[in-house]
Amino acid sequence: MNTLNKSLILGMAALIQGFAMATFLFPHFIPTGGAASVAVLFNYVAGIPFDRTLWILNAGLLFAAIKWLGKGTAIWTLYCVTVTAITIRLVTPFITNPISYVIVDLLVGSIIFGVGIGILFRMGASSGGMDILALIISKLKGYSPGKTLFAINGTILLTTGIVVDWKIIIFALVSQFISTRIIDLINKVNLPTPQAQKQNSTTY
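As the structure is a computational prediction, the values presented were derived from the model and not from experiment.

**Section: the packing of helix 1 (residues 3-25) against helix 4 (residues 71-91)**
To describe two helices that pack against each other, one gives the angle between their axes and the distance between the axes. Where helix 1 meets helix 4, the closest approach of the two axes is 8 Å, and the angle between their N-to-C directions is 40°. Comparing the axis directions of helix 1 and helix 4 gives the class oblique. Here the hand of the crossing between helix 1 and helix 4 comes out right-handed. Counted by class, the contact of helix 1 with helix 4 contains 12 nonpolar, 8 polar and 1 charged residues.

Structure follows, in structure tokens:
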């Protein structure tokens, strides 16, 4: 796949991700992960825009982790994070109130969010977030990346729940469950490869 096609697909996936966050999840202060929890917390406490916190946090982590991720992966991840942040910045002013009840927005937003992340994962890209920090810590200290990520996200989510509303912890867990199911579904779908399409065309 050439660079232009990859940038278009990744850009669309990042746009879908940002749209879901700004339209359905953030109006209810529902975080989608560790970095989003920090953005929700800063917005609630200090009124800092969601997109600004997400971009600064992800960009800083990426530059720190280039030696472990590789320059190519870091650049694509930064591109996706930037598109997501811009989408959130553009959409947020139009969402002055939640679209619907929290349960409805939670379900719809988590599904759409999962689609965006699923496409990114399918393309071998990263959406950034605290997985970068977990990778750095695991490399430096030798800890398990999964346990490190769980500890980081759990601590941040617990703090956000205490400061904002304890219900956020439940909503965030439900959102994670739904979105990860969608991600797994997208990554299990068998798509025809260019070679298979070429063989089928020559057969018929």
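Resuming the write-up.
**Topic: the layout of surface pockets**
Roughly 860 Å³ of internal volume is contained in the largest pocket. Among the secondary structure elements, those contributing two or more residues to the lining of the largest pocket are helix 1, helix 2 (34-46), helix 3 (50-69), helix 4, helix 5 (102-122), helix 6 (130-141), helix 7 (145-163) and helix 8 (167-188). When residues of the lining of the largest pocket are assigned to their parent elements, the largest contribution, 8 residues, is made by helix 8. Looking at the lining of the largest pocket, its residues break down into 18 nonpolar, 17 polar and 2 charged.

**Examining the nonpolar core**
In terms of nonpolar packing, the biggest core is built from 23 residues, with M21, F26, F50, L54, I88 and L120 touching the most fellow members. Among the secondary structure elements, those contributing two or more residues to this core are helix 1, helix 2, helix 3, helix 4 and helix 5. When residues of this core are assigned to their parent elements, the largest contribution, 6 residues, is made by helix 1. Excluding residues that lie within four positions of it along the chain, M21 makes contacts with F26, P27, T32, A36, L54, T84, I88 and F113. Of all hydrophobic cores here, the second largest spans 11 residues; its members include L62, M130, A134 and I136.

**Some words on the environment of L54**
When you line up the elements, L54 lands in helix 3. For L54, a relative accessible area of 8% puts it in the buried group. Sequence separation between L54 and V81 is 27 residues; the distance between their C-alpha atoms is 7.9 Å. Residues in contact with L54, not counting those within four places in the same chain, are M21, F26, A35, A36, A39, V81 and I88.

**Things to note about the packing of aromatic side chains**
Each aromatic ring pair is specified by the distance between its two centres and by the angle formed by the two planes. Tallied over the full model, the rule gives 4 aromatic pairs. When the centroid spacing of 6.1 Å and the interplanar angle of 80° are considered together, the rings of F19 and F24 count as edge-to-face. Measuring from ring centre to ring centre gives 5.9 Å for W76 and Y79, while their planes differ by 80°; the resulting arrangement is edge-to-face. One end of the pair, W76, and the other, Y79, are both in helix 4, 3 residues apart, so they sit about a helical turn from each other. In this structure Y79 comes out as partly exposed when scored by relative accessible area, which is 30%.

The rules we used
Residues numbered from 1 in each chain as written. Predicted model: local features only at pLDDT ≥ 70, side-chain atom pairs only at ≥ 80, totals over all residues. Heavy atoms only, no water. Axes fitted to C-alpha atoms, helices over the stretch in contact; angles between N-to-C directions. Helix = DSSP H or I, 4+ residues; strand = E, 2+ residues; numbered from the N terminus. Parallel < 35°, antiparallel > 145°, perpendicular 65-115°, else oblique. Left-handed = near helix turned anticlockwise from the far one by under 90°. Nonpolar A, V, L, I, M, F, W, Y, C, P; charged D, E, K, R; others polar. 1 Å grid on protein atoms, 1.4 Å probe; cavity = no way out; pocket = protein on both sides within 12 Å on 5 of 7 lines; lining within 4 Å. Points joined across faces, edges and corners; volume = space filled by probe spheres on them. Core = buried A, V, L, I, M, F, W, Y, C linked by side-chain atoms within 4.5 Å. Buried < 20%, exposed > 50% of the residue type's maximum accessible area, 1.4 Å probe, protein only. Contact = heavy atoms within 4.5 Å. Phe/Tyr/Trp six-rings, centres within 6.5 Å; stacked < 30°, edge-to-face > 60°.

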